[in-house]
Amino acid sequence: MARWLLPYRGLLRLKSLASSSASAVISRSYISEMRRSAFRENLLRILRTEIAYEVESRPPSQPEAAFRSFDVDDRPGEQWIQLRWSRGREEIKIEATMFDGAAPSTRSAAASEVADAGDARLHISLMVEVSKGDDSEFALQFACSAWPDDIEVEKVFPVRRGHAAHRQYVGPDFKDLDEEMRDTLLEYLEERGVNDELAGFLHGYMANKDRTELVRWLRNIESYVKKYLQVPSYS
């Protein structure tokens, strides 16, 4: 009789081992999901703390829609803005980046070989385009740097509209041009609102945009974590 029971006992032992193995797999999976849940909740807590800090300590303001005669296109979620001014038959378009560099202030450089980061002069890149409306074949472009209190012209060159040239020759550096030519071109830009006042406006605008885009970025990360890092439930 005992010999007949041996296969049955072996089968029970196999079932018991299989059940124990399955329980171990479920247990490991449950622990893994618990860790994932803890990671998700911790990340959400950090993100919400950062968002609250940014909004409360230095809240962004509503971006200005115009500056002098220019209309301002904020380009939410992007690292640049555009300004436009239709001046009679003339069209003036300015594309400005967010802060893309910095240089030590004159005061910091004079006081110490290592400039204080708080005294750095932030840099904005500008591309100014002047054309005679959409029907004009050519436009005149100025590559500029906007510092907190002044605008520096780096290059000036004509472009054929609608025909992007590969590695176009853009002429000598602006500082190497004849002095009288430089003065005339600077006066040309001044008449079209490209001046030190514009530089000050852009720096204030970009400081606010920097805060706005940071909060937007944090909230987008938060939305992603809430939507895609879901933890499955176990019944």
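Computed from a prediction, not measured in an experiment: that's the story for all the values here.

Engineer: I tried to follow the overall build of the protein chain on my own but got confused; where do I start?
Structural biologist: Scanning the protein chain from terminus to terminus reveals four helices and eight strands. Taking all 235 residues of the protein chain together, the buried fraction comes to 30%. For the protein chain, the proportion of contacts with a sequence separation of at least 24, taken over those separated by at least 6, is 55%. Carbon and sulfur atoms make up 54% of the accessible area of the protein chain, which totals about 15,900 Å².

Engineer: What should I look at first to understand the pairing of strand 6 (residues 121-131) in this one?
Structural biologist: Remark: a regular strand shows side chains that alternate across the two faces of the sheet. Examined bridge by bridge, strand 4 (residues 90-97) and strand 6 share six bridges and lie antiparallel to one another. In the strand pairing of strand 6, Glu95 is matched with Met127. Across three bridges, the pairing between strand 5 (residues 101-103) and strand 6 is antiparallel. Within strand 6, the position partnered with Gly101 by the bridge is His123.

Engineer: What is the right way to look at the pattern of salt bridges in this model?
Structural biologist: Side-chain pairs of opposite charge can arise whenever the charged atoms involved come near each other. Applying the stated criterion across every chain, the model contains 20 salt bridges. Its salt-bridge partner being Arg75, residue Glu78 comes within 3.6 Å of it at the nearest N-O pair. Since its relative accessible area comes to 26%, Arg75 is described here as partly exposed. Each of the salt bridges in this network shares a partner with another, and the network as a whole consists of Arg87, Glu90, Lys132, Glu191 and Arg192.

Engineer: Please clarify how the confidence of the model for the protein chain should be interpreted in this entry.
Structural biologist: Atom-level detail of predicted coordinates should not be read off regions where pLDDT is low. In the predicted model, the protein chain carries a mean pLDDT of 83, and the fraction of residues at 70 or more is 76%. Taken as a whole, residues 108-112 scores under 50 in pLDDT and shows three contacts with residues more than four places along the chain or in a different chain.

Engineer: I tried to follow the side chain of Glu54 on my own but got confused; where do I start?
Structural biologist: As for its placement among the helices and strands, Glu54 is situated in helix 1 (residues 2-57). Those residues in contact with Glu54, other than ones at most four positions away along the chain, are Pro59, Leu214, Val215 and Leu218.

Engineer: When you look at a negative patch on the surface in this model, what are you seeing that I'm missing?
Structural biologist: Together, Asp178, Glu179, Glu180, Asp183, Glu187, Glu190 and Asp196 make up a negatively charged patch on the protein surface. In terms of residue count, helix 3 (residues 179-191) provides more of the negative patch than any other element does, five residues in total. If you trace the backbone, Asp183 turns up in helix 3.

Engineer: Even after reading the chapter, I still don't get the packing of aromatic side chains, so can you show me in this structure?
Structural biologist: Pairs of aromatic rings are described using the distance from one ring centre to the other and the angle between the two planes. Considering all chains together, one arrives at four aromatic pairs under this definition. With a centroid separation of 5.6 Å and an interplanar angle of 50 degrees, the aromatic rings of Phe201 and Tyr205 are classed as tilted. A residue pair is termed a helical-turn pair when its members lie 3 or 4 positions apart in one helix, as Phe201 and Tyr205 do in helix 4 (residues 196-228) at four residues. Assigned by exposure class, Phe201 and Tyr205 land together as buried. Members of the aromatic cluster, each reached through a chain of ring pairs, are Phe67, Phe201 and Tyr205. The cationic tip of Arg192 hangs over the ring face of Tyr188; the distance from NZ or CZ to the ring centre is 3.7 Å.

Engineer: What is the right way to look at the nonpolar core in this model?
Structural biologist: Note that soluble globular proteins tend to have their nonpolar side chains buried in a common cluster. Among the nonpolar cores identified, the biggest contains 31 residues, and Leu83, Leu126, Leu198 and Leu202 are the most heavily contacted of them. Those elements that place two or more of their residues in this core are strand 2 (70-73), strand 3 (80-87), strand 4, strand 6, strand 7 (138-147), strand 8 (150-160), helix 3 and helix 4. Looking at which element gives the most residues to this core, the answer is helix 4, with six residues. The next biggest cluster of nonpolar side chains, apart from the first, holds five residues, and it includes Leu44, Leu47, Ile51 and Leu218.

Engineer: Would you take a moment to explain the environment of Ile94 for this structure?
Structural biologist: Within the element layout of this structure, Ile94 appears in strand 4. Each C-alpha atom, one on Ile94 and one on Phe142, is 9.4 Å from the other, the two residues being 48 residues apart in sequence. Apart from residues no more than four positions distant in its own chain, Ile94 is found in contact with Phe70, Ile81, Gln82, Leu83, Leu126, Met127, Val128, Val194 and Leu198.

Engineer: Would you mind going over the pairing of strand 7 with me for this structure?
Structural biologist: By the criterion of burial, strand 7 is predominantly enclosed, with eight of the ten residues buried. Where strand 6 folds back onto strand 7 in an antiparallel hairpin, the turn is made up of six residues, including Gly133, whose phi is positive at roughly 85 degrees. Here strand 7 pairs with strand 8 via ten bridges, running antiparallel. The residue of strand 8 that forms the bridge with Ala139 is Val159.

Analysis parameters
- Residues numbered from 1 in each chain as written.
- Predicted model: local features only at pLDDT ≥ 70, side-chain atom pairs only at ≥ 80, totals over all residues.
- Heavy atoms only, no water.
- Helix = DSSP H or I, 4+ residues; strand = E, 2+ residues; numbered from the N terminus.
- Buried < 20%, exposed > 50% of the residue type's maximum accessible area, 1.4 Å probe, protein only.
- Contact = heavy atoms within 4.5 Å.
- Areas by Shrake-Rupley, 256 points an atom, 1.4 Å probe, with all protein chains shown as cover.
- Pairing = 2+ DSSP bridges.
- Salt bridge = Lys/Arg side-chain N within 4 Å of Asp/Glu carboxyl O.
- pLDDT = per-residue confidence, 0-100.
- Patch = residues over 30% accessible without salt bridge, like charges linked within 9 Å, V, L, I, M, F, W, Y side chains within 5 Å.
- Lys, Arg positive; Asp, Glu negative; His and termini not counted.
- Charge placed at Lys NZ, Arg CZ, Asp CG, Glu CD.
- Phe/Tyr/Trp six-rings, centres within 6.5 Å; stacked < 30°, edge-to-face > 60°.
- Lys NZ or Arg CZ within 6 Å of the ring centre and 35° of its normal.
- Core = buried A, V, L, I, M, F, W, Y, C linked by side-chain atoms within 4.5 Å.

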